[in-house]
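Residue-level structure breakdown
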Number of protein chains: 2
Amino acid sequence: MRLDFSVAAHSLLYLEQKKPRLVSSRELAASMTTNPVMIRNILSVLHKQHYIRGVVGKNGGYQLDRELAQINIGDLYDLTIPPTLSYARFTTGNTGAVGEGNDISRNIEETLTDLFTLADEGYRAFYHQFTMADLKRDIEQHGYFKSIAQAPFSK
Amino acid sequence: MRLDFSVAAHSLLYLEQKKPRLVSSRELAASMTTNPVMIRNILSVLHKQHYIRGVVGKNGGYQLDRELAQINIGDLYDLTIPPTLSYARFTTGNTGAVGEGNDISRNIEETLTDLFTLADEGYRAFYHQFTMADLKRDIEQHGYFKSIAQAPFSK
């Protein structure tokens, strides 16, 4: 699933590099080793959200519709990897078990869901620090992310 | 996979509640709706790391070997869900594609791996804020985690 994000990021960088030329989904697929159907699904989402614009027809294709610096990586992450995928249904409990100790079973699901949700919110907040221009810069000059990433919690 | 963490947390809470009685893996499995083989695998890991002690034999079973307040949730998370599971292989690129634009393909894997690794480190740091005593408290008094969780990044 996280591949959706990677494919989206890759596509936006590629379109930016080819600007203002129109790029077909076939060309994009060839630039990654990913199947064209997956690419098309992701391009469709990016198109709907106005990250890219598409021109139909024989010589049609896609073009970037925003500046990389205006594309927040966290927004892109949330778009391609919805929060529900991150922590859903990974809890025990709620078995309705009879006997002592079932107060744990009854309540642990809510507690773990809160814990996972809070952790996931922090995880997503991390991505919101950056734009696609930062990603491009790290590609050109590897180590940039490591140098600017803020420590998440003071220890 | 995240179920491993939930099962471990559930097991420790259950053992703490039954202390000092020995609890069989069968009883633990019955307190969750999880298969006994999975429970036994996780108990074996917890045993090896001295979270619990085991007594073999007919009336044998497991017992908590630490105080809940001495069990860090982040340590438990790292133990049951190794970092390699979190972000491995979810990148595009490295296709060796020929032509323009392959500098993206060549370099995006390193960049995305850094991004995901940093995000994952922050994610794990979140869990390290808490102990199993906090988890128990949230089960008894739901909302505790929400009330104490530190904002991960100042916005």
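The structure under discussion appears in the preceding block.
Small disclaimer: the values here were computed from a predicted structure and weren't measured.

On to the overall build of chain A. From N to C terminus, chain A includes eight helices and two strands. When its helices and strands are written in sequence order, chain A yields α-α-α-β-β-α-α-α-α-α. Here chain A holds 155 residues, and 50% of them are scored as buried. In chain A, once contacts between residues fewer than 6 apart in sequence are set aside, the share between residues at least 24 apart is 61%. Accessible surface computed for chain A: about 7,600 Å², of which carbon and sulfur atoms make up 50%.

Residue and element names in this part refer to chain B. One pass over the structure, following the stated rule, counts 23 aromatic pairs over all chains. Note on F126 and Y127: the rings are 5.6 Å apart at their centroids and 80° apart in plane angle, and the pair reads as edge-to-face. For Y127, a relative accessible area of 0% puts it in the buried group. The ring of Y14 has K18 lying over it, and the distance from NZ or CZ to the ring centre is 5.1 Å.

Before going further, it helps to examine the nonpolar core. Ranked by internal contacts, the top residues of the largest apolar core, which has 84 residues, are A:L115, A:M132, A:L135, B:L115, B:M132 and B:L135. Residues in contact with B:L115, not counting those within four places in the same chain, are A:F5, A:I73, A:F126, A:Y127, A:F130, A:L135 and A:F145.

Next up on the list: the pairing of strand β2 (residues 61–64) of chain B. Within a regular strand, side chains alternate between the sheet's two faces. Residues and elements named next belong to chain B. Summarising the sheet, strand β1 (residues 52–55) and β2 pair through four bridges and their orientation is antiparallel. Residue R53 lies in a different strand from β2, and its bridge partner there is Q63. A loop of five residues connects β1 with β2, the two strands running antiparallel in sequence, and G57 in this loop sits at a positive phi of about 110°.

About the thresholds
Residues numbered from 1 in each chain as written. Chains lettered and ligands numbered in written order. Predicted model: local features only at pLDDT ≥ 70, side-chain atom pairs only at ≥ 80, totals over all residues. Heavy atoms only, no water. Helix = DSSP H or I, 4+ residues; strand = E, 2+ residues; numbered from the N terminus. Buried < 20%, exposed > 50% of the residue type's maximum accessible area, 1.4 Å probe, protein only. Contact = heavy atoms within 4.5 Å. Areas by Shrake-Rupley, 256 points an atom, 1.4 Å probe, with all protein chains shown as cover. Phe/Tyr/Trp six-rings, centres within 6.5 Å; stacked < 30°, edge-to-face > 60°. Lys NZ or Arg CZ within 6 Å of the ring centre and 35° of its normal. Core = buried A, V, L, I, M, F, W, Y, C linked by side-chain atoms within 4.5 Å. Pairing = 2+ DSSP bridges.

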